[in-house]
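Understanding the architecture of this molecule
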Amino acid sequence: MTTPCELHIYSNDEVKSRSIAKKILVMAKELESKYNFYNPNSYLSALNQRKIENIDTQTKDLLTRAKLFYNRTNKIFDITMGTLSSSRKLETVEEIEKNLQRLKPFVGVEHFKIKKNRLIFDNPYTQIDLGGFVKEFAVDQAVKILKREKITSALVNFGGDIYALGTKPNGKAFSIGIKNPLNTNKYLTHKEITNQALTTSASYERGHIVEKKEYSHIISTNELQKSVISVTVISSSAVEAGVFSTALMVEPSLKTSLEKILILESLEIMKNNSTFDF
C-alpha cells in the first residue's frame, strides 16, 4: 500500500498470533492488488477501462458506501477524483490546468450507477480511484479477522490509519501521537483510544510542485483551506475516520459529530469544542 504497515497482537499464543498475522497480510495484499489504480492489470483498472460490467459483492459494497460518503460530506469525498489524476503526469502548470478544466465535468459519483450487479458509467472519461478508501477498509477488515479469532488486544497501523482493539495488556488505552505537520520528527499532541479508529490527513503528505506551484496529494475540485494543515478524526471505523479526515482538509467547517483534531498553520490545536472562523 506504498506505506509501512504494522500489526501488534497481544496474546500468549505465538503460533496463533503468527497465523492471524499471515491471514491479515494476505487480505491486505489482495486488496492492494485488486484495487491498485496505477496497475493497468488490476481489477479496478479493468473497471475504469470499461472491460467489466458485472462487479463482485465486495466492489459493489465499496462503491455503494463511497456514494453514501459522497453525500454525507457534501460531495467533497469523491472517489472519481481519479479522473483528474492524469494531470499529475504533465510538466507545466498550463498543461495541468488545461487538463483539469477539460476533465472536471466528468468528476462526481453521479457519473456512475449500480444496477443490481452492473456498473454503468455515463461517459468514457470518469475514473474511480479507491486509494483514499481501500487502506482504511483493509484496517477494518483486519479488525474483523482479529475479533473473529477472539483476539481482545491489538493495534493495527496501516500507514497512519490506526485501529486500537481493546486496551494494552496493562489495561491502559492506546496512546496515539499526532505529528507536528511542520516537523514530522516531533509530535504536537496525542489521543488515547480504545476500540476506535484514528486517521490523520495532512498537507505534508505526498504533495508535488510544478513550476513553483504546489499541488496537494489530496485531489479536489475545491481549493484546500491553507489555514488547516492537519486533520485527525476518531471514529468506530477506519473508513469513516479516513473519509472525514480527508474531507475536513478540503472544508474544515464541514459538519460532523465525529471527534476531530485540527492543526492550524500557527500549530494551534483546535478540537471539537473549539471555534474558529475558517
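Here, the structure is the one placed above.
To keep things clear, this report deals only with the structure shown in the data block. (Residues numbered from 1 in each chain as written. Predicted model: local features only at pLDDT ≥ 70, side-chain atom pairs only at ≥ 80, totals over all residues. Heavy atoms only, no water.)

**Let's talk about the overall build of the protein**
Secondary structure summary: the protein contains six helices and 13 strands in total. In the form shown here, the protein has an accessible surface area of approximately 14800 Å², with 48% of it arising from carbon and sulfur atoms. (Helix = DSSP H or I, 4+ residues; strand = E, 2+ residues; numbered from the N terminus. Areas by Shrake-Rupley, 256 points an atom, 1.4 Å probe, with all protein chains shown as cover.)

**Observations regarding the pattern of salt bridges**
This structure, assessed with the given rule, holds eight salt bridges. Measuring nitrogen to oxygen at the nearest pair gives 2.7 Å for the salt bridge that ties Glu149 to Lys23. Here Glu149 is found in the loop between helix H5 (134-148) and strand E4 (154-158), whereas its partner Lys23 is found in helix H1 (residues 14-34), with 126 residues between them in sequence. With a relative accessible area of 40%, Lys23 lands in the partly exposed category. A salt bridge links Asp56 to Lys34; its shortest N-O distance comes to 2.7 Å. Here Lys34 lies in helix H1 and Asp56 lies in the loop between helix H2 (43-48) and helix H3 (57-72), a separation of 22 residues in the sequence. Residue classification places Asp56 among the partly exposed residues on the basis of a relative accessible area of 26%. (Salt bridge = Lys/Arg side-chain N within 4 Å of Asp/Glu carboxyl O. Buried < 20%, exposed > 50% of the residue type's maximum accessible area, 1.4 Å probe, protein only.)

**A closer look at the sheet that holds strand E5 (residues 161-165)**
What the seven strands build is an open sheet, ordered E1-E4-E5-E8-E11-E12-E13; its pairing is antiparallel. Each end of this open sheet is capped by a strand with a single partner; those strands are strand E1 (5-9) and strand E13 (269-271). For this sheet, the mean angle separating the axes of adjacent strands, direction not counted, is 10°. Contacts from H1 reach E1 and E4 within the one sheet, and its direction differs from that of E1 by about 155°. Across the sheet, helix H6 (residues 238-250) is in contact with strand E8 (196-202), strand E11 (228-235) and strand E12 (259-264); its angle to E11 comes to roughly 155°. (Pairing = 2+ DSSP bridges. Axes fitted to C-alpha atoms, helices over the stretch in contact; angles between N-to-C directions. Contact = heavy atoms within 4.5 Å.)

**Quick notes on the nonpolar core**
Core analysis: the biggest nonpolar cluster contains 57 residues, and Ile79, Ile128, Leu130 and Phe133 have the highest contact counts within it. Of all the elements, H6 adds the most residues to this core, at nine residues. In contact with Leu130, other than residues within four places in its own chain, are Tyr35, Leu44, Leu62, Leu63 and Ile79. Within the second largest apolar cluster, eight residues are counted, among which are Leu155, Ala164, Phe174 and Ile193. (Core = buried A, V, L, I, M, F, W, Y, C linked by side-chain atoms within 4.5 Å.)

Everything listed here is a matter of geometry and, on its own, says nothing about what the molecule does.
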